[in-house]
Amino acid sequence: MSDKSKTREQILDAAMNRIKHYGYGKTTMSEIARDCDMSAGNIYRFFASKLDIAEAMARKFNSDLYQTYSEISRSDARPAQRLRQVFHYGLSQTFDAIEREAKILEVAEVLGEERPLFMNEGLAQERIYLCTILEDGIERGDFAPIADCNYTAEMIQSALMKYRFPQLFSRLTLPKLRRELNGVLDIIIAGLAKGIEKTPETEY
């Protein structure tokens, strides 16, 4: 790792520790700089704003999710089981992270409001893994043919949005959220097995 990369990681680690303790809103670039024993001006060489640091935090968390999603999508399990594994893993990881460090929920809220393109980028990345599962399900005969896998993956994400940042939408415990998620997935998987026709937008 280069010196520049080490410094960037040092700044990111210090920012994460401070934000987890005090919250995003109460954390300043000057305080992060002080925790790193450097000037605020030096931090701006690596991160243009506190929002950029928040995005870097989220990217670090997401990279671990994507690695697991990729492994799940290419596993030998039945496609329906892989769909469940992807969404249950995402639910458990996010729920547990927020339970351990409640103030990181503020980071998710800020990014949703201030960096919608980043959030959309994450959803698009997730759809790659979902499409791999859907296409394999069609090839195996588990799922009916789908005209547009990306569209179907997007609609699945929309139906399960509540479970992406569960504490943002609900006060339910993890076991109750898992029960709900399983119920919604039952309906989705049943629809995939039977086949879903896209309703023309002109009918709305």
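The chain has the name TetR/AcrR family transcriptional regulator in an unreviewed UniProt entry, where Henriciella barbarensis is given as its organism.

So, about the environment of S49. Relative to the helices and strands, S49 is located in the loop between α3 (40-43) and α4 (50-73). In this structure, the C-alpha to C-alpha distance between S49 and T28, residues 21 residues apart in sequence, is 9.8 Å. Excluding residues within four positions of it along the chain, S49 makes contact with M29 and R115.

Mapped onto this numbering, the UniProt entry annotates "domain: HTH tetR-type" (unreviewed entry) at residues 5-65. For the annotated span residues 5-65, helix accounts for 74% and strand for 0% of the residues, and the straight-line distance between the end C-alpha atoms is 22 Å.

Considered for burial, the residues of helix α8 (residues 149-159) that qualify are C149, T152, A153, I156 and Q157. Take α8 and look down its axis: the buried residues cluster within an arc of 145°, on one side only. Contacts from the buried residues of α8 go to α5 (79-100), α7 (116-140) and α10 (174-194). N-cap assignment for α8: the residue whose side-chain oxygen lies 3.1 Å from the backbone N of N150 is D148.

Looking now at the domain arrangement of the chain. Taken as a whole, the chain is organised into domain 1 (1-48) and domain 2 (50-194). Together, the buried faces of domain 1 and domain 2 total about 1,500 Å²; carbon and sulfur atoms form 71% of this surface. For the pair domain 1 and domain 2, the number of links is two salt bridges. Note that K60 and E9 form a salt bridge whose closest N and O atoms lie 3.3 Å from each other.

Tallied over the entire structure, the rule returns 14 salt bridges. Of the charged contacts, one joins D52 and R115 as a salt bridge, the two residues approaching to 2.9 Å between their closest N and O atoms. Of the two residues, D52 sits in helix α4 while R115 sits in the loop between α6 (104-114) and α7, which places them 63 residues apart along the sequence. R164 is the partner of E126 in a salt bridge, and the nearest nitrogen-oxygen pair spans 2.9 Å. A residue pair is termed long-range when its members are at least 10 positions apart, and E126 in helix α7 and R164 in the loop between α8 and α9 (166-169) qualify at 38 residues. Overlapping salt bridges, with partners in common, bring together D52, E55, R59, R115 and E121 in one network.

Criteria and cut-off values
- Residues numbered from 1 in each chain as written.
- Predicted model: local features only at pLDDT ≥ 70, side-chain atom pairs only at ≥ 80, totals over all residues.
- Heavy atoms only, no water.
- Helix = DSSP H or I, 4+ residues; strand = E, 2+ residues; numbered from the N terminus.
- Contact = heavy atoms within 4.5 Å.
- UniProt positions renumbered as here; feature names shortened; annotations may be inferred.
- Buried < 20%, exposed > 50% of the residue type's maximum accessible area, 1.4 Å probe, protein only.
- Arc of directions from axis to C-beta.
- Polar contact = N/O pair within 3.5 Å; in protein donor to acceptor, adjacent residues only side chain to side chain.
- Domains from an automatic or database assignment.
- Buried area = accessible area lost by both parts, 1.4 Å probe.
- Salt bridge = Lys/Arg side-chain N within 4 Å of Asp/Glu carboxyl O.

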